[in-house]
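Chain residues, written in single-letter form:
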Amino acid sequence: MLDAVRSLLSLTVKYQHLFINYQIRDTNPHDSAIAEWDENTPLTIYIRNTHDQSITVQIKGNGQKTTMGSVTIGDAITVSANSEESRTLTADTSGWLPYIYATVSASTAPTSGELNITAITIKEE
């Protein structure tokens, strides 16, 4: 039991913000900041959409820290207006690339609200 408690105490949570309070007012695609993904560490994408319209989020990855030449990771995620969604990526189920980012768009231009997307990892130190 003591070993389990020690293990929990040595966990490091890392937050990488892809979008912070980002306002979308059109239907164009928007690329986020680029985050790093450590191999063999599950990564959770947490999305909070307070816009008055649904948005579509596509996670993308690359071997280099650039959006040029990136590939899609998994299916697109539709996030309804004023709601949250999350997806967890693991190397064995979604493939692994060291850099990830999100491309987001709205089918109907939002008139209010904002978007926050965070990549979260928990790693045992």
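Above this text sits the structure in question.
Attention here is on the structure that accompanies the text. This one's a predicted model, so the numbers in the text were calculated from it and none came from an experiment.

Some details on the sheet that holds strand β1 (residues 11-22)
Strand order in the open sheet made by the 4 strands is β1-β10-β4-β8, with antiparallel pairing throughout. Since the sheet does not close on itself, it has two edges, and those belong to β1 and β8 (83-89), each with one partner. Taken over all neighbouring pairs, the strand axes of this sheet differ in orientation by 15° on average, direction set aside.

What about the packing of aromatic side chains?
Both the distance between ring centres and the angle between the ring planes are used here to describe each pair of aromatic rings. If you walk through the whole model with that rule in mind, you get 1 aromatic pair. With a centroid separation of 4.5 Å and an interplanar angle of 40°, the aromatic rings of F19 and Y22 are classed as tilted. Its relative accessible area of 4% is what places F19 among the buried residues.

Some details on the pattern of salt bridges
Under the criterion given, the structure shown has 3 salt bridges. In this structure, K123 and D38 form a salt bridge, with 3.7 Å as the shortest nitrogen-oxygen distance. With K123 in strand β10 (residues 115-124) and D38 in the loop between β3 (35-36) and β4 (43-49), this residue pair connects regions lying 85 residues apart in the sequence. As a salt-bridge pair, E85 and R87 come within 3.2 Å of each other at their nearest N and O atoms. Given a relative accessible area of 36%, R87 falls into the partly exposed group.

Things to note about unusual backbone geometry
Among all residues except glycine, the phi angle is most often negative; among peptide bonds, the trans geometry is most common. One non-glycine residue, N21, lies in positive phi territory at about 50°. Mapped onto the secondary structure, N21 falls in strand β1. Its identity is not glycine, yet N40 carries a phi of approximately 65°, on the positive side. N40 sits in the exposed class, given a relative accessible area of 64%.

What counts as what
Residues numbered from 1 in each chain as written. Predicted model: local features only at pLDDT ≥ 70, side-chain atom pairs only at ≥ 80, totals over all residues. Heavy atoms only, no water. Pairing = 2+ DSSP bridges. Helix = DSSP H or I, 4+ residues; strand = E, 2+ residues; numbered from the N terminus. Axes fitted to C-alpha atoms, helices over the stretch in contact; angles between N-to-C directions. Phe/Tyr/Trp six-rings, centres within 6.5 Å; stacked < 30°, edge-to-face > 60°. Buried < 20%, exposed > 50% of the residue type's maximum accessible area, 1.4 Å probe, protein only. Salt bridge = Lys/Arg side-chain N within 4 Å of Asp/Glu carboxyl O.

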